[in-house]
Amino acid sequence: MKPIQIITGDITTIHADAIVNAANTSLLGGGGVDGAIHRAAGPALLEECRTLGGCATGQAKATGAYRLPCRHVIHTPGPIWRGGTAGEDRLLADCYRNCLACAASLGCQTVAFPSISTGAYRFPLDRAARIALQAIRDGLRVYPAITCVTIVCFDARTCAAYEQALAEVERAHA
Ligand code: AR6
C-alpha cells in the first residue's frame, strides 16, 4: 500500500484509525464535512465536543468516533481564505501537521483527511492541495508509526487537484 492515497468518497464511511474533521473554532458542528461527520456519528459526538472549549485555527483536538466506523475523530479548524496574506498557508500546513501529531499520540497507523478549507472557507484548491501533500509527506517522516494517510475527496475536481499535487511533491523529492 502506498503511504499516501487519494480517493473520491465520503469520509464518514472510512475505516481508518482516525478521520479528520474540517471543523470551525467552536467545534460545535456546521455544514460540509463537519455536518456529515456529526450526523453520522450521532449526538454523543457533539456532547463530547462541548467539553473541549473550542480549538484555535491550525490546532487539533481528538474525540471518540461513536457511530462512525473509525476509532477517533480529530477536529481541526482550517484557515478562512482572506486573500493569502493573513498566514493562511502556514495555518493550513499546521492543520495537517498537528492532526498527524495528534494521531500519532493516539497510536493511530491510518489517518484519513478531507480537503481542509477548500469548501466554505474558500482556500484555492490547487494551492491547498500542494500545502496538504507537502505537510503530510513531512509528517510521515516525523511519525513513522503512521503507515497510511488517505485524502478523501468529495468530488472529481478535488481528487484531480490532489493527484496533481501528489505528483508534483513526489517529483520535487525524487
Ligand atoms: N466526505 C469528504 N469530504 C467532504 C464531505 C464528506 N462527507 N462533505 C463535504 N466534503 P467544508 P471548510 C468536502 O466546507 O472549507 C463547516 O461548516 C467538501 O466538498 O466542509 O474547511 C465547518 O463547521 C470540500 O471539498 O470545510 C466550518 O464552519 C471539503 O470537504 C467550515 O465549514 C471541505 O469543505 C469549514 O470549511
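Enquirer: Summarise the overall build of the protein; cite the residues concerned and give the values.
Expert: Helix and strand counts for the protein stand at five helices and six strands. Put simply, the protein runs from its N terminus to its C terminus through helices and strands in the order β-β-α-α-β-β-α-β-α-β-α. Compactness check: the protein gives a C-alpha radius of gyration of 15 Å against a globular reference of 16 Å for 174 residues, within 12% of the reference. Once the C-alpha set of the protein is aligned to its principal axes, its extents read approximately 45 × 35 × 30 Å. Per-residue burial for the protein yields a buried fraction of 48% across its 174 residues. Long-range contacts, defined as pairs at least 24 residues apart, comprise 68% of the intrachain contacts of the protein with a sequence gap of at least 6.

Enquirer: Could you give an account of the nonpolar core, with specific residues and numbers?
Expert: With 38 residues, the main nonpolar core has Tyr96, Val111, Phe113, Ile116, Leu133, Ile136 and Tyr162 as its most contacted residues. Of all elements in the fold, only strand 1 (4-8), strand 2 (18-23), helix 3 (88-105), strand 5 (110-113), helix 4 (125-142), strand 6 (148-153) and helix 5 (156-172) reach the threshold of two or more residues within this core. When residues of this core are assigned to their parent elements, the largest contribution, nine residues, is made by helix 4. Apart from the residues within four sequence positions on either side, Leu133 is in contact with Ile4, Ile151, Tyr162, Ala165, Leu166 and Val169.

Enquirer: Explain the pattern of salt bridges residue by residue, including any values.
Expert: Applying the stated criterion across every chain, the model contains six salt bridges. The shortest N-O distance in the salt bridge between Asp94 and Arg97 comes to 3.1 Å. A residue pair is termed a helical-turn pair when its members lie 3 or 4 positions apart in one helix, as Asp94 and Arg97 do in helix 3 at three residues. Relative accessible area serves as the criterion here: at 15%, Asp94 is assigned to the buried category. In this structure, the salt-bridge partner of Glu168 is Arg130, at a minimum N-O distance of 4.0 Å. Of the two residues, Glu168 is situated in helix 5 and Arg130 in helix 4; the sequence distance between them amounts to 38 residues. On the basis of relative accessible area, Arg130 is assigned to the partly exposed category, the value being 40%. By sharing partners, the salt bridges in this structure join Arg90, Asp94 and Arg97 into a single network.

Calculation notes
- Within each chain, residue numbers correspond to sequence positions counted from 1 in written order.
- Given that the model is predicted, a residue must reach a pLDDT of at least 70 before its local features are reported, and side-chain atom pairs must reach 80 or more before they are shown or counted; all residues, however, enter totals for whole chains, interfaces and linings.
- As a rule here, side-chain values cover all heavy atoms of the structure and leave hydrogens and water aside.
- Here a strand is any run of E in DSSP of at least two residues, a helix any run of H or I of at least four, and the numbering for each starts at the N terminus.
- Atoms considered for the radius of gyration are the C-alpha atoms alone. The globule rule reads 2.2 Å times the number of residues to the power 0.38.
- Per-residue accessibility, obtained with a 1.4 Å probe over protein chains only, is compared with the maximum for each type, and a residue is labelled buried under 20%, exposed over 50%, and partly exposed between these values.
- Should any heavy atoms of two residues lie within 4.5 Å, those residues are considered in contact.
- The criterion is simple. A nonpolar core is a set of buried Ala, Val, Leu, Ile, Met, Phe, Trp, Tyr and Cys residues joined through side-chain atoms within 4.5 Å.
- By definition here, a salt bridge exists when the distance from a side-chain nitrogen of Lys or Arg to a carboxyl oxygen of Asp or Glu is within 4 Å.

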